[in-house]
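Okay, here's what each chain looks like letter by letter:
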Amino acid sequence: MTLDAARLAPMANAIRALSMDAVQKANIGHPGMPMGMADVATVLWGEYLKFDPAAPHWPDRDRFVLSAGHGSMLIYALLNLTGFARPTMDDIRNFRQLGSPCAGHPENFLLDGVEATTGPLGQGLAMAVGMAIAERHLNATFGDELVDHRTWVIAGDGCLMEGINHEAISLAGHLGLGRLIVLWDDNNVTIDGTVELSSSEDVLARYRATNWHTVSCDGHDAASIRKALDEALADPRPSIVACKTIIGKGAPNKQGTSAVHGSPLGADEVAAARVELGWTSAPFEIPADIAADWSALGARGAAARAEWEARLAANAGKVAFESQLASIADKAAPTLEAYIQGIAKDAPKVASRKASEMALGPLTEHLPQLIGGSADLTGSNNTKTSFTKPLTKNDYSGRYLYYGIREFGMAAAMNGMALHGGVVPYGGTFLIFSDYARNAIRLSALQQVGVVYVLTHDSIGLGEDGPTHQPVEQVMSLRLIPNLQVFRPADAVETAECWALALETPKTPSVLALSRQNLPAVRGEGDEAWTGASNRSGRGAYRLKSAAAARKVVLIATGSEVSVAIDTAAALEQQGIGADVVSAPCLELFDRQDAAYRADILPEDALIVSIEAGVTLGWQAYTGRNGLNIGLDRFGASAPAEVLFEHFGFSAEKIVPRITAKLAQ
């Protein structure tokens with residue numbers, strides 16, 4: 001379907017009018033990008049994008065990502081005009097107001113049709129890379145009849161300047177993701193002024209250097225836009241289309257300047273724009289003929305969806321395809337039962353990173369949705385199993401990605417894969433490098449996607465690499481992120497339990513903070529008949545050992561320090577001081593337990609002592625004002641792990657005197 005010029009111009013102006021009016025009413029927002037990209041968006045949504053507003057979760061729809069999320073009114077206008085249930089016109093009238101799904105930046109959990117939460121520049125495009133990876137993987141598994149869609153992105157100059165852009169486009173070019181097409185709003189304006197103030201690079205040359213196809217067009221000429229999009233569709237490489245646009249087009253006195261980037265036009269300029277555009281309707285009113293044209297575009301997708309549903313119904317792989325798209329939340333624990341029962345008997349002394357690899361064996365064997373990877377640390381993160389062959393440009397059916405040294409790009413790509421559906425991504429790097437990926441981890445939590453971050457080398461226990469690589473503040477800082485589960489397991493059994501818990505929460509991402517050094521088994525007895533219902537780590541914290549003498553102390557520890565707590569408790573008992581040992585693999589889960597359980601685990605009549613090889617800030621919530629916090633409120637040092645633990649006081653010999661002194665106060 002090709003829109004004639006007489007219809008296209010007023011349809012694009014409907015986007016411009018809604019954008020400037022909504023921003024003006026809110027008295028805050030970014031009208032320039034939606035007004036500048038209105039023509040491109042109208043051609044894309046009207047002639048190329050495969051979607052059906054009546055079935056917004058149709059698996060074979062095209063994905064559209066507004067990476068330049070500050071221009072959110074563009075997608076709100078498109079969703080409304082094409083017939084999605086929301087946003088309604090009242091929602092748009094209340095743009096950026098409490099209770100409206102039209103937030104300042106698009107949120108995937110507020111509106112169908114918003115495929116990803118965007119706004120932190122560059123991440124939308126990087127997540128789109130993950131969506132394109134997921135599409136190619138599922139296509140390789142189920143064929144063109146069931147999986148045959150594209151991922152489209154609108155990105156601005158800021159998206160292309162951010163460092164993550166370099167990581168994302170390099171990965172996409174390397175993998176040859178030809179179903180990914182980026183439309184660059186090449187308007188030469190940022191908030192500070194013209195792009196020349198801060199950048200003089202040849203953007204398209206950079207993309208060509210990373211194996212992308214590049215093409216340019218006049219972003220206000222439909223024929224030019226179509227020619228560029230057709231060329232992009234025909235090329236097997238990922239494509240970027242440089243759409244030369246005028247930011248704020250239609251605002252006669254401000255268009256083309258930074259004045260329209262991040263501020264309302266002002267009442268006078270809105271009035272002038274109405275004259276310039278020939279738009280006579282009142283704010284938030286769309287003429288019936290223009291509304292009908294947009295509605296017809298939205299209805300067009302129903303036929304394509306019906307054809308796909310017929311193909312699915314007749315396809316021999318229908319059951320397998322639907323199973324691939326289904327949640328694995330109820331499958332993880334049963335998959336691990338036999339494995340956990342076995343290690344409960346064997347009590348292996350292994351690093352928790354190795355224990356993670358061991359647990360991933362049965363998980364990746366029986367759950368084809370799992371796609372792993374590592375940021376160039378596969379042998380250190382232990383994220384690859386014999387059941388996960390590489391996913392490459394020549395074989396998208398693989399289930400293991402070599403992300404290269406691209407932690408931020410990896411995390412964002414995993415978000416995109418999870419948002420796409422049909423795959424459950426996990427990826428590894430050193431815990432210290434989680435700071436490179438932190439904003440994407442935060443977006444995992446905000447977007448409610450169950451990505452699993454395998455973050456190894458979790459403390460001074462990594463040893464000789466020294467303080468540049470030794471996490472101190474990272475574990476506690478990750479616990480600050482809402483809707484993120486941070487697991488730090490103590491041995492092989494707890495590690496497997498934490499994997500089960502991570503995969504049981506598809507709307508909550510998880511971090512597995514894992515050791516480099518071997519850890520003694522602290523579990524096993526009583527776990528020989530383990531089932532998901534007996535997952536002790538599911539409480540977040542639990543009593544691992546009860547006091548023998550009258551209880552005066554409760555030691556609460558995580559990860560490698562749980563065995564230190566056990567040794568400390570034994571030494572205290574020799575002095576007649578009863579001590580419980582509490583293992584706390586996930587404080588977030590412990591916080592969700594009822595008050596009675598938490599009071600039983602951490603009673604008020606005992607000295608509560610926390611032991612964790614990291615900062616002590618935050619532990620006071622569990623130990624109380626009169627408790628004792630054993631930790632590391634400084635950077636580490638370069639030495640063997642056992643030397644460092646003794647040097648920094650993580651031994652029974654060093655901890656017991658501090659406890660007895662505290663009890664004597």
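Residues numbered from 1 in each chain as written. Predicted model: local features only at pLDDT ≥ 70, side-chain atom pairs only at ≥ 80, totals over all residues. Heavy atoms only, no water.

Here we come to the overall build of the protein chain. Scanning the protein chain from N- to C-terminus turns up 26 helices and 20 strands. Relative to the compact-globule value of 26 Å for 665 residues, the protein chain shows a C-alpha radius of gyration of 28 Å, a close match. With respect to the three principal axes, the spread of C-alpha positions in the protein chain is 90 × 55 × 45 Å. Sequence separation of 24 or more characterises 77% of the internal contacts of the protein chain that already satisfy a separation of 6 or more. Total accessible area on the protein chain is roughly 23,700 Å²; 52% of this is exposed by carbon and sulfur atoms. (Helix = DSSP H or I, 4+ residues; strand = E, 2+ residues; numbered from the N terminus. Rg over C-alpha atoms; globule rule 2.2 N^0.38 Å. Contact = heavy atoms within 4.5 Å. Areas by Shrake-Rupley, 256 points an atom, 1.4 Å probe, with all protein chains shown as cover.)

Our focus in this paragraph is the pattern of salt bridges. Should their charged atoms come close, side chains of opposite charge can pair. The full count for this structure, using the stated rule, is 28 salt bridges. In this structure, R179 and D148 form a salt bridge, with 2.7 Å as the shortest nitrogen-oxygen distance. In this pair, R179 sits in the loop between α8 (163–175) and β3 (180–186) while D148 sits in the loop between α6 (123–142) and β2 (151–155), placing the two residues 31 residues apart along the sequence. For R523, the salt bridge identified is with E497, shortest N-O distance 2.7 Å. Taken as a pair, R523 in the loop between β15 (518–519) and β16 (542–545) and E497 in helix α20 (residues 492–503) lie far apart in primary sequence, 26 residues in all. Of the two residues examined, R523 and E497, each falls in the buried class. Among the ionic contacts, a cluster of salt bridges with common partners joins R543, R551, D580 and D600. (Salt bridge = Lys/Arg side-chain N within 4 Å of Asp/Glu carboxyl O. Buried < 20%, exposed > 50% of the residue type's maximum accessible area, 1.4 Å probe, protein only.)

Moving on: the sheet that holds β16. Pairing is mixed across the open sheet formed by 5 strands, whose spatial order is β16-β18-β17-β19-β20. Strand pairing shows two members of the sheet lacking a second neighbour, β16 and β20 (628–630), which therefore form its edges. Within the sheet, the average angular offset between the axes of one strand and its neighbour, ignoring direction, is 30°. Here helix α21 (residues 561–574) sits on the sheet in contact with β16, β17 (551–557), β18 (578–583) and β19 (607–611), set at roughly 170° to β18. (Pairing = 2+ DSSP bridges. Axes fitted to C-alpha atoms, helices over the stretch in contact; angles between N-to-C directions.)

Right, let's get into the sheet that holds strand β6 (residues 213–218). The 5 strands lie next to each other as β1-β2-β3-β7-β6, forming an open sheet whose pairing is parallel. Edge positions in the sheet fall to β1 (63–66) and β6, since each has one partner strand and no second. On average, each strand axis in the sheet is inclined to that of its neighbour by 20°, with strand direction left out of account. Relative to β3, β2 runs parallel, the two sharing 5 bridges. The residue bridging T151 from the neighbouring strand is L180, located in β3. Relative to β6, helix α10 (residues 222–234) is tilted by about 170°, and along the sheet it contacts β2, β3, β6 and β7 (239–244).

Of all the 5 residues making up strand β12 (residues 452–456), 5 are buried; the element is thus mostly covered by neighbouring parts of the structure. Burial along β12 is two-sided: V452, V454 and T456 and Y453 and L455, pointing in opposite directions, are all buried. Pairing between strand β11 (residues 424–430) and β12: 5 bridges, direction parallel. Each bridged residue has a counterpart across the sheet, and for T429 the counterpart in β12 is L455.

To continue, consider α10. Across its 13 residues, α10 extends 18 Å between first and last C-alpha, which sits within 8% of the 18 Å expected from 1.5 Å per residue. Those residues of α10 that sit buried are I225, R226, A228, L229 and A232. Axial view of α10: buried residues confined to an arc of 165°, hence all on one face. Exposed and facing more than 90 degrees away from the buried side of α10 are A223, K227 and A234. In this structure, the buried side of α10 is in contact with α1 (5–26), α3 (38–48), β2, β3, β6 and β7. (Expected span 1.5 Å × (residues − 1). Arc of directions from axis to C-beta.)

Further remarks concern the side chain of S444. Residue placement: S444 occurs in helix α18 (residues 434–447). Looking at S444, the relative accessible area reads 0%, which means it is buried.

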